[in-house]
Amino acid sequence: MWFDPKCPWAWNTSRWLLEVEHVRDVEVRFHVMSLWLLNEGRENLEGWYRRWLTDTLGPVRVLVAAEQKYGTPVLRDLYTAFGNRIHHEKVQIGPELYGGALAELGLDAGLAEAAESTDHDEALLLSHRAGLDPVGEDLGTPAIHVPGPDGQVNAFFGPVVSPVPRGEAAGRLWDGVLLVSATPGFFEVKRSRTESPRVD
């Protein structure tokens, strides 16, 4: 799954995937994408969303810096540490958030400095493109890639879900998502969102 840590919809999808691990033979691996990069240069953004994006680059830079130092598996727990602070504790994005998440996992506190640095932007862009190129740049996060039995990657955006399905309900949603997304020529199922995400 490719995620931007500030996105509440991606957060819910990530928590759903962790539920799926308990009821299906699935191992989730997390990767970083950037909503800031995705929307860079777009002129038609609503004002509130443009403002919402202003602090999204720092967190993904810190995550990518940690991945480069410790390896991709670190993203699983570091995303959780970031997400709990952002979505549940409502910690403002900035040094306190980075420092607290890194300290929780015993990681190098100096990685927080990556938030204001371009040193890891090339790696961020590579991760971003790896996640979104197979899905389509007009979409975003959550983006999921599932290897098929023939070795081909089944890549798709979503699901966008609230609240987070638990237990076997999570497994049934996984089964359905795999079924429709692996159907040749299938592109979209959608309905209007009737509520803001209830993060879980």
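Keep in mind it's a predicted model, so treat the numbers as computed, not measured.

Reading guide: rules and limits
- Residues numbered from 1 in each chain as written.
- Predicted model: local features only at pLDDT ≥ 70, side-chain atom pairs only at ≥ 80, totals over all residues.
- Heavy atoms only, no water.
- Axes fitted to C-alpha atoms, helices over the stretch in contact; angles between N-to-C directions.
- Helix = DSSP H or I, 4+ residues; strand = E, 2+ residues; numbered from the N terminus.
- Parallel < 35°, antiparallel > 145°, perpendicular 65-115°, else oblique.
- Contact = heavy atoms within 4.5 Å.
- Salt bridge = Lys/Arg side-chain N within 4 Å of Asp/Glu carboxyl O.
- Buried < 20%, exposed > 50% of the residue type's maximum accessible area, 1.4 Å probe, protein only.
- Left-handed = near helix turned anticlockwise from the far one by under 90°.
- Nonpolar A, V, L, I, M, F, W, Y, C, P; charged D, E, K, R; others polar.
- Polar contact = N/O pair within 3.5 Å; in protein donor to acceptor, adjacent residues only side chain to side chain.

Caption draft 1: Representation of the packing of helix α1 (residues 8-23) against helix α8 (residues 167-181) within the structure. Running from N to C, α1 and α8 cross one another at 100°; their axes reach a closest spacing of 8 Å. Regarding the angle of α1 to α8, the classification is roughly perpendicular. Contacts from W16, L17, E19, V20 and V23 in α1 reach G167, E168, A170, G171, L173 and W174 in α8.

Caption draft 2: Representation of the pattern of salt bridges in the model. For the structure shown, the criterion picks out eight salt bridges. Across the pair E168 and R24 runs a salt bridge whose closest N-O atoms are separated by 2.7 Å. Linking E168 in helix α8 with R24 in the loop between α1 and β2 (31-32), this pair joins segments that are 144 residues apart in sequence. For E168, a relative accessible area of 38% gives the class partly exposed. One salt bridge connects D108 with K69, and the closest N-O pair in it is separated by 3.4 Å. Placement of D108 in the loop between α6 (95-104) and α7 (121-132) and of K69 in helix α4 (residues 57-70) is noted, with a sequence separation of 39 residues between them. Salt bridges linked by common partners bring R24, E168 and D175 together as one network.

Caption draft 3: Summary view of the packing of α1 against helix α5 (residues 74-88). For the pair α1 and α5, the least separation of the axes is 11 Å and the interaxial angle reads 130°. When the axis of α1 is compared with that of α5, the two are oblique. Of the two elements, α1 crosses α5, and the hand of that crossing is left-handed. Of α5, the residues touching α1 (which contributes P8, A10, W11, S14, R15, L18 and E21) are R76, Y79, T80, G83, N84, H87 and H88. For the contact of α1 with α5, a count of residues per class yields five nonpolar, six polar and three charged.

Caption draft 4: Highlighting the side chain of R61. One can find R61 in helix α4. Judged by relative accessible area, which is 11%, R61 ranks as buried. Within the structure, the side chain of R61 is placed 3.1 Å from the backbone oxygen of S117, a separation counted as a polar contact. Ignoring anything within four residues of it in the chain, the contact list for R61 reads A114, A115, E116, S117, T118 and D121.

Caption draft 5: Highlighting unusual backbone geometry. Here the residue pair G158 and P159 is connected by a cis peptide bond, since its omega of 0° sits within 30 degrees of zero. Within the secondary structure layout, P159 lies in the loop between β4 (153-157) and α8. Of the consecutive residues S162 and P163, the connecting peptide bond is found in the cis state with omega at -5°. Structurally, P163 can be placed in the loop between β4 and α8. Phi angles above zero are rare outside glycine, and K90 is one such case at about 55°.

Caption draft 6: Summary view of the environment of H87. Within the element layout of this structure, H87 appears in helix α5. Discounting residues that sit within four places of it in the chain, H87 has contacts with P5, K6, C7, P8, W11 and V199. Within the structure, the side chain of H87 is placed 2.9 Å from the backbone oxygen of P5, a separation counted as a polar contact.

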